[in-house]
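The chain contents come next:
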Amino acid sequence: MHLAAPEPHSLALACGLSSLFIGLVMASIRNPWVEARGALLFAGAALATTLSFMMVALAQRVDDSVLVTLRGANTVLIFGLLVAGIARFVGRSAPWLPLALSMVAMALLIQFYPESRSDVSPRVLGFSLLVVGWSLTGVWILLRHPITGLPPLGPAFTVGGLAALASIAATRALVLLRDGAVSGELAFHDPLNGWLLLAGFAALLCTLTGMALMLNGRMVLELQRLASHDPLTGAFNRKGFNTAWPTWLQTHGPGRVVLMDLETDTGETPDEEALMLLVNRLRELMPPHALLGRQSGGGFLVALPQAVLESEVQACCERLQVDVHQSLALLGAGRESPPTLSIGHAPVRQDLAEACRRANLAMDDGRRRRRPRAAS
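J.: Where do I start with the overall build of the protein in this structure?
T.: What the protein contains, in helices and strands, is 12 helices and four strands. Expressed as a percentage of its 376 residues, the buried residues of the protein come to 45%. Within the protein, contacts between residues at least 6 apart in sequence are counted, and of these 75% link residues at least 24 apart. Of the accessible surface of the protein, which amounts to about 19,500 Å², a share of 61% is contributed by carbon and sulfur atoms.

J.: Help me understand the packing of helix α5 (residues 121–144) against helix α6 (residues 153–176), please; the structure alone is not making it clear to me.
T.: Between two packed helices, what matters for the description is the angle formed by their axes and the separation of those axes. It is the contact of α5 with α6, at a shortest axis distance of 8 Å, that shows an interaxial angle of 160°. It follows from the interaxial angle that α5 and α6 lie roughly antiparallel. Relative to α6, α5 is oriented so that their crossing is left-handed. Of the residues in α6, those touching α5 at V124, S128, V131, V132, S135, L136, G138, V139, L142 and L143 are T158, V159, L162, A163, L165, A166, A169, A170, A173 and L176. Taken together, the residues of the contact of α5 with α6 break down into 16 nonpolar, four polar and no charged.

J.: Just to check I follow, could you spell out a nonpolar patch on the surface for this structure?
T.: Taken together, L13, L17, L20, L24 and L47 make up a surface patch of nonpolar side chains, about 420 Å² in accessible area. If you tally residues by element for the nonpolar patch, the top one is helix α1 (residues 8–27), at four residues.

J.: Even after reading the chapter, I still don't get the environment of V25, so can you show me in this structure?
T.: Here V25 shows up in helix α1. For V25, a relative accessible area of 37% puts it in the partly exposed group. On a C-alpha basis, the gap between V25 and N216 in space is 9.9 Å, while along the polypeptide they are 191 residues apart.

J.: What should I look at first to understand the sheet that holds strand β2 (residues 291–294) in this one?
T.: Either a parallel or an antiparallel arrangement is found when strands of a sheet pair, and the pairing is made through backbone hydrogen bonds. Here four strands make up an open sheet; going across it, the order is β2-β3-β1-β4 and the pairing antiparallel. Both outer strands of the open sheet, β2 and β4 (340–347), are each paired with one neighbouring strand and no more. Direction aside, neighbouring strands of the sheet carry axes that sit 15° apart on average. Of the pairings in the sheet, the one linking β2 to strand β3 (residues 299–304) comprises four bridges and is antiparallel in character. Note that in β3 the partner of L291 across the bridge is A303.

J.: What should I look at first to understand the nonpolar core in this one?
T.: The tendency in soluble globular proteins is for nonpolar side chains to be buried side by side. With 55 residues, the main nonpolar core has F42, F79 and L82 as its most contacted residues. Counting only elements with at least two residues in this core, the list comes to α1, α2 (32–57), α3 (64–89), α4 (96–112), α5, α6 and α8 (191–228). Excluding anything up to four places from it in sequence, F42 contacts M26, L82, G85, I86, F89, M211, M214 and L215. Counting 22 residues, the second largest nonpolar core, distinct from the first, contains L282, M286, L292 and L304.

J.: Before we go on, may I ask you to explain the pattern of salt bridges in this structure?
T.: A side chain of one charge can pair with a side chain of the opposite charge when the charged atoms of the two come close. Evaluation of the coordinates by the stated rule reveals nine salt bridges. Linking E310 and R256 is a salt bridge whose minimum nitrogen-to-oxygen distance equals 3.8 Å. Separated by 54 residues along the polypeptide, E310 in helix α11 (residues 310–331) and R256 in strand β1 (residues 256–263) bring together distant segments of the chain. Of the charged contacts in the structure, one is a salt bridge between R281 and E284, with a shortest N-O distance of 2.5 Å. With R281 and E284 both in helix α10 (residues 272–285), this residue pair falls three residues apart, about one helical turn.

J.: When you look at the side chain of D261 in this model, what are you seeing that I'm missing?
T.: Residue placement: D261 occurs in strand β1. In contact with D261, other than residues within four places in its own chain, are G298, G299, T340, L341, S342, M363 and R367.

J.: I tried to follow the environment of L174 on my own but got confused; where do I start?
T.: Summarising the element assignment, L174 is placed in helix α6. Put simply, L174 and V124 are 50 residues apart on the chain and 9.7 Å apart in space, counted from C-alpha to C-alpha.

Cut-offs applied
Residues numbered from 1 in each chain as written. Predicted model: local features only at pLDDT ≥ 70, side-chain atom pairs only at ≥ 80, totals over all residues. Heavy atoms only, no water. Helix = DSSP H or I, 4+ residues; strand = E, 2+ residues; numbered from the N terminus. Buried < 20%, exposed > 50% of the residue type's maximum accessible area, 1.4 Å probe, protein only. Contact = heavy atoms within 4.5 Å. Areas by Shrake-Rupley, 256 points an atom, 1.4 Å probe, with all protein chains shown as cover. Axes fitted to C-alpha atoms, helices over the stretch in contact; angles between N-to-C directions. Parallel < 35°, antiparallel > 145°, perpendicular 65-115°, else oblique. Left-handed = near helix turned anticlockwise from the far one by under 90°. Nonpolar A, V, L, I, M, F, W, Y, C, P; charged D, E, K, R; others polar. Patch = residues over 30% accessible without salt bridge, like charges linked within 9 Å, V, L, I, M, F, W, Y side chains within 5 Å. Salt bridge = Lys/Arg side-chain N within 4 Å of Asp/Glu carboxyl O. Pairing = 2+ DSSP bridges. Core = buried A, V, L, I, M, F, W, Y, C linked by side-chain atoms within 4.5 Å.

Shown next as structure tokens:
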């Protein structure tokens, strides 16, 4: 029993318009993290998919040799950009060299085995190997380097779509090559091949939809991070610190808080270079599991676990003050007065606000001892 060959042109047009919409959505994202992590590559893959669908929809109006060349190059572009976008999305380098080699290999296949030849089995096999290889590479990257906190729907759609594309491409090769040599005419009009092409359209749309969901989920995560973190230093802001404090306190016990203020003689916030110098040195000296937050312009708060002894805290603060002042003196060479660092610490006995109040008193006492006495 033979299935009637489906008429793919109308569906291809609808899929083309759908992928165009998805591509435009991806290209419109203006979140810095997402832009740097593959959004434009995903958008490029979606737009290349749009072109591929449109070529199927307009196949009867385009010259065969031109169509074969465009579809071959476009196939490489779609899957190369998909995998490059996934690699960038998880923080890996995009595979530009394999993409270029795939382009060259597909160009050679099209050159030596065009659609008009009586046997196009090498080209069918080449296309199938390309799709299977790139699709499974994308699946491996996503499963090997998952992003914590990302809603599961996007990765599930993407992995499912890529796995389906690999399966469909392998099945299509087996169907078309089941009798050995196959002509271009027979390959185009095989009924089962028509159904597999439609399944490939659906799998590509599933993959692109999953990528759009991943970008959206990662953008939401980044916005949430910016709401609780200082964009310059990456430390918690006041809101983020207060939110994280109860869980941290329950896990690490009531230890000590260290209050710091990097200040200038004029009362202005120190420049970014000075702030980053302090934060980087803090991260080097802080014990594991310490909680760091930026409270104001030059003000920072560190919560230390209960296991850290008071003598260790005092030694760490003294080391930090010496190191930072020396570095700030070098950094402020040529300036009238570099920023100064004031530090105070206190145990957490009742609550965070009370501990911070006592740490602030200790910091003020340190300021008074550091100031030269006025001449009588």
